[in-house]
Amino acid sequence: MPQVIPNQGRVVGRITLAAATVLAAAAAHAGDPERGAYLAAVAGCASCHTDFEHGGRHYAGGPPLLSDFGTFRAPNITFDPDHGIGKWSEDDFVQALKQGVSPAGQPYYPAFPYLSYALMTDQDARDLYAYFRTVEPVRESSPGHDLAFPFSVRTGLWAWRLLYFDPADDSLDTATRGGYLANALAHCGECHTPRNRFGALRRTKAMAGARLGDGDVAGNLTPDPETGLDWDAVDLRFFLQTGLTPDGDAAGGAMALVVEHSTGKMTPEDLDALVAWLQDLPPVRNTVKKPPSD
Amino acid sequence: MQHFVRIALAAILAAAVVGGAASAANAPEHVIKYRQNLMKAVGGHISNVALLVKGQVDFSAGLVTDSQAIVDLLKNAGIAFPEGTAEGKTKAKPEIWQDRAKFDAALEDTIGKAEALAVAAGGGDMAAVGAALGALGKSCGACHKSFRIKDE
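What counts, and where the lines are drawn
- Residues numbered from 1 in each chain as written.
- Chains lettered and ligands numbered in written order.
- Predicted model: local features only at pLDDT ≥ 70, side-chain atom pairs only at ≥ 80, totals over all residues.
- Heavy atoms only, no water.
- Helix = DSSP H or I, 4+ residues; strand = E, 2+ residues; numbered from the N terminus.
- Contact = heavy atoms within 4.5 Å.
- Areas by Shrake-Rupley, 256 points an atom, 1.4 Å probe, with all protein chains shown as cover.
- Polar contact = N/O pair within 3.5 Å; in protein donor to acceptor, adjacent residues only side chain to side chain.
- Buried < 20%, exposed > 50% of the residue type's maximum accessible area, 1.4 Å probe, protein only.
- Salt bridge = Lys/Arg side-chain N within 4 Å of Asp/Glu carboxyl O.
- Axes fitted to C-alpha atoms, helices over the stretch in contact; angles between N-to-C directions.
- Left-handed = near helix turned anticlockwise from the far one by under 90°.
- Nonpolar A, V, L, I, M, F, W, Y, C, P; charged D, E, K, R; others polar.
- Core = buried A, V, L, I, M, F, W, Y, C linked by side-chain atoms within 4.5 Å.
- Domains from an automatic or database assignment.
- Pairing = 2+ DSSP bridges.
- Disulfide = S-S within 2.5 Å.
- pLDDT = per-residue confidence, 0-100.
- Parallel < 35°, antiparallel > 145°, perpendicular 65-115°, else oblique.

Chemist: So what's going on with the overall build of chain A? Which residues, and what values?
Modeler: A tally of helices and strands in chain A yields twelve helices and five strands. Long-range contacts, defined as pairs at least 24 residues apart, comprise 62% of the intrachain contacts of chain A with a sequence gap of at least 6. Of the roughly 15,200 Å² that chain A leaves accessible, carbon and sulfur atoms contribute 58%.

Next up, the structure:
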């Protein structure tokens, strides 16, 4: 059509473009709570912020999270104005998630995996906000963290961030859907990538396995023939859906929660993308040591 | 005479063996072995059902047998975790004996999911079997999460 009446075509084209821009901007602002609900599941927010084992209310505060620095408790993130985040604007929420800074300007501990969520698109963060606004507010505060000095001093985190948080870092793949799922949303690397002694992830050994704060081992997911995972795509997909290994063992530890609340809820398309991405990882040789007490 | 002695001796020996067995039965290391074998057996049957669900084999004749075996084995699992078997070559967490009611409830939940799998297996609809197997796997994982040490 534009070739037939070029002038008009150009004008129409420009108008259409402008209209599309306006529409896109509007769409970008209105977070979609339904998409947000799916994203919250895939991103595993509930695993940390809901105390399932003790029948805790949804997102009203999580179980103790053991780490080498002490015990963290993920707080109430329902929209109760006094005990949760009911007073937060969308911008506050996006900043907390993607920059790890509270509305009061305080840095968060990386036990809140904002280094992964930093890779999330703004739109996804806004959809999450829209979803959390629909979650039933809970009027109860969760117990605070129990950290050893000097980790208990929050301002120390500024120095840590300077060393280990680079928002411009694009070394992790988020361009493919699988990479985006693994790195930005489901944050597989937060457990499967080893950390240095300051708790920062060692990117050169991405997904090559690590020992967690509770003593569990999250194995090497790369296809290294000696130390990695040799499951085929069918086995991997099945495991992420059910938690059952090819030997008929059932994943426990933190992975049981990941399967139940995150990967087990992924759409077939997302699962396929994640599995394909995992199988494409460069092999990294890395054996995870057992805890010294054994 | 000699013959009689031999019989008497055999009787004494047999009594000793049986008596010995009675006093040594349920030594913690054997109980631990028993429950680990039981869990491994459950794992074997689950793995077989999974091979079918994943389409890696098509021996559907075994589906009902494997599914029912999981139910039967799990029903024997409770007795294999008596008091006094927390130490030794075991991955069982001491929490089992600190919160026994919760452990038993976890087991009940898994047995329920296994029974649902057996029902689905009887029906023969593989999509339903897959869904039931997924629910079962998560239930096994829930108990392992709370009550099994995982360090390798």
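Picking up after the structure, the text goes on.
Chemist: Quick one: what's the story with the side chain of A:Asn286, residue by residue and with numbers?
Modeler: Along the chain, A:Asn286 turns up in the segment after helix H12 (268-279). Side-chain polar atoms of A:Asn286 contact the backbone oxygen of A:Gly209, separated by 3.3 Å.

Chemist: Now, about the environment of B:Ile79: what can you tell me, with residues and values included?
Modeler: All names here are of chain B. If you trace the backbone, Ile 79 turns up in the loop between helix H3 (63-75) and helix H4 (95-98). Since its relative accessible area comes to 66%, Ile 79 is described here as exposed. Spatially, the C-alpha atoms of Ile 79 and Arg 35 are 8.9 Å apart, while their sequence positions differ by 44 residues.

Chemist: Explain the pattern of salt bridges to me, using residue names and the numbers behind them.
Modeler: Pairing between side chains of opposite charge can happen when their charged atoms approach one another. All names here are of chain A. Within this structure, the stated rule accounts for 19 salt bridges over all chains. The partner of Arg 177 in a salt bridge is Asp 270, with the nearest N and O atoms 2.9 Å apart. One end of the pair, Arg 177, is in helix H8 (residues 177-185); the other, Asp 270, is in helix H12, with 93 residues separating them in the sequence. Overall, Asp 270 belongs to the buried group, its relative accessible area being 7%. A salt bridge links Glu 190 to Arg 195; the nearest nitrogen and oxygen atoms lie 3.0 Å apart.

Chemist: Break down the packing of helix H11 (residues 253-261) of chain A against helix H6 (residues 126-147) of chain B for me, citing the residues and quoting the values.
Modeler: At a closest axis distance of 8 Å, the pairing of H11(A) and H6(B) adopts a crossing angle of 145°. Note on packing geometry: the crossing formed by H11(A) with H6(B) is left-handed. Residue-level inspection shows A:Gly253, A:Ala256, A:Leu257, A:Val259 and A:Glu260 of H11(A) in contact with H6(B), the latter providing B:Lys138, B:Gly141 and B:Lys145. Residue composition of the contact of H11(A) with H6(B), by class: three nonpolar, two polar and three charged.

Chemist: Would you mind going over the nonpolar core in detail, with residue names and values included?
Modeler: By size, the foremost hydrophobic cluster in this structure holds 50 residues, and its most contacted members are A:Tyr59, A:Phe93, A:Met120, A:Leu128, A:Phe132 and A:Leu278. Counting only elements with at least two residues in this core, the list comes to helix H2 (33-42), helix H3 (45-49), helix H4 (90-99), helix H5 (114-117), helix H6 (122-132), H8, helix H10 (233-242) and H12 of chain A. Each of domain 1 (4-63 + 76-164) and domain 2 (177-279) of chain A accounts for three or more of the residues forming this core. Here A:Phe93 is in contact with A:Ile85, A:Trp88, A:Ala125, A:Leu128, A:Tyr129 and A:Phe132, once residues within four sequence places are set aside. Membership of the second largest hydrophobic core comes to 26 residues, among which are A:Phe238, B:Leu63, B:Leu107 and B:Leu136.

Chemist: I'd like a description of unusual backbone geometry, backed by residues and values.
Modeler: A:Phe149 connects to A:Pro150 through a cis peptide bond whose omega is 5°. With phi around 60°, A:Tyr59 is a residue other than glycine that occupies positive phi space. You can see A:Tyr59 is positioned in the loop between H3 and strand S1 (64-67). On the basis of relative accessible area, A:Tyr59 is assigned to the buried category, the value being 6%. Even without being a glycine, B:Asn26 presents a positive backbone phi close to 65°. By relative accessible area, B:Asn26 is classed as exposed at 64%.

Chemist: Describe in detail the pairing of strand S2 (residues 70-73) of chain A, supporting the description with residues and values.
Modeler: All names here are of chain A. Two elements, S1 and S2, share four bridges in a ladder whose sense is antiparallel. Paired with Pro 64 across the bridge in S2 is Arg 73. Of the pairings in the sheet, the one linking S2 to strand S3 (residues 146-147) comprises two bridges and is antiparallel in character. By the bridge assignment for S3, Gly 70 is matched with Leu 147.

Chemist: Please set out the state of the cysteines residue by residue, giving values where relevant.
Modeler: Summed over all chains, the structure comprises zero disulfides over all chains. The closest cysteine sulfur to the non-disulfide-bonded A:Cys191 is located on A:Cys48, 8.2 Å from its own sulfur.

Chemist: Explain the confidence of the model for chain B to me, and be specific about the residues and the numbers.
Modeler: Residues and elements named next belong to chain B. The pLDDT averaged across chain B works out to 87; a share of 84% of its residues lies at or above 70. Overall, residues 11-22 carries pLDDT values under 50, and its contacts beyond four positions in sequence, including any with other chains, amount to one contact. Quick note on the complex model: pTM equals 0.87, ipTM equals 0.80.

Chemist: Tell me about the packing of H3(B) against helix H5 (residues 100-123) of chain B, and please be specific about residues and values.
Modeler: Residue and element names in this part refer to chain B. As a packed pair, H3 and H5 sit with axes 9 Å apart at the nearest point and diverge in direction by 160°. The angle between H3 and H5 falls in the class roughly antiparallel. By crossing handedness, the relation of H3 to H5 is classed as left-handed. Contacts between H3 and H5 involve Leu 63, Val 64, Ser 67, Gln 68, Ile 70, Val 71, Leu 74 and Lys 75 from the first element and Leu 107, Thr 110, Ile 111, Ala 114, Glu 115, Leu 117, Ala 118, Ala 121 and Gly 122 from the second. Classifying every residue of the contact of H3 with H5 gives eleven nonpolar, four polar and two charged.

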